[in-house]
Amino acid sequence: MKEKRIWILLGTGLAAAAGFVLRGWQARRGLVPGDVSVWCLGLLCAAAVIALAAACRGLEKKEVYTESFSSGTAELAVSLAGAALVLAGSLLSLARGEERLVPGLGVLAALCFGVTAWQRSRGAVPLYVFHAAPCLYLVVKLILEFKQWSVDPAVLDYCFDLFFAISAMCAVFHLGSFCFDKGQRRISVFWCLSCVVFAAVGLADGGLARCLLLAGMGVWTGCSAWQLLED
């Protein structure tokens, strides 16, 4: 199982790195439908998602929270780093005087991530609200952003942001089910690692606040997947 975990995480890391490079190449060439960069990035993401789905099918089931998330210091540090990045991105958005609802919910989500990380490190089960609040943040963020995207519906401008938003939302939602000892390990790992891949893609052409949020969510879900993949 340890060897399989390494291969899954290594493959995800390579896909994320390749996605970052290809998205940057695509941005430099211009988002032109039918361009070779569009096809390369699209095929890469499709292959990554299919490979993750196949790899996760072979994982053994785990449902209990305390059996699924380890209490190591390293995991705590990485999870807190992810929470800190989300917090920094949200505070930066607030400082710039942007729309306040989503950044405010982002601050709340970051604090919940921090509490959850601390609870995991103590071998305790966090209250479900600490998963529900970040999920609410991601849902509201997706709804408001989709309204903006639909004003000028150039699919290439927002499709990977949409994939990231869906992956992050599903990852946080499924992680919350472990609070009731009804977790679904396979689907949780799949969404967490999909979030990592699409977060890396988005990092190639985002502003500072957006990149902090993407990096934070990628680190948080990546660490959660790491813990779920442990024996």
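Coordinates for the structure precede this section.
Treat the numbers as computed from the prediction; the structure is a model and nothing was measured.

Rules behind the numbers
Residues numbered from 1 in each chain as written. Predicted model: local features only at pLDDT ≥ 70, side-chain atom pairs only at ≥ 80, totals over all residues. Heavy atoms only, no water. Phe/Tyr/Trp six-rings, centres within 6.5 Å; stacked < 30°, edge-to-face > 60°. Helix = DSSP H or I, 4+ residues; strand = E, 2+ residues; numbered from the N terminus. Buried < 20%, exposed > 50% of the residue type's maximum accessible area, 1.4 Å probe, protein only. Lys NZ or Arg CZ within 6 Å of the ring centre and 35° of its normal. Expected span 1.5 Å × (residues − 1).

1. Comments concerning the packing of aromatic side chains
Counted under the stated rule, the structure contains 7 aromatic pairs. Centroid distance F163 to F198: 5.4 Å. Interplanar angle 50 degrees. Geometry classified as tilted. Of this pair, F163 sits in helix α7 (residues 155-176) while F198 sits in helix α8 (residues 185-203); the two residues are 35 residues apart in sequence, bridging distant segments of the chain. Look at F190 and W191: their rings are 5.1 Å apart centre to centre, the planes differ by 65 degrees, and that puts the pair in the edge-to-face class. Each of the two residues, F190 as well as W191, counts as buried. The cationic tip of R120 hangs over the ring face of F69; the distance from NZ or CZ to the ring centre is 4.0 Å.

2. Comments concerning the environment of Q148
Here Q148 shows up in helix α6 (residues 129-151). The exposure class of Q148 is exposed, given its relative accessible area of 58%. C-alpha of Q148 to C-alpha of Y158: the two residues are 10 residues apart in sequence and 9.9 Å apart in space.

3. Structural notes on helix α9 (residues 208-229)
When the terminal C-alpha atoms of α9 are compared, their 31 Å separation across 22 residues agrees well with the 32 Å that a helix rising 1.5 Å per residue should span. Along α9, 17 of the 22 residues are buried, which leaves the element largely enclosed by surrounding structure.

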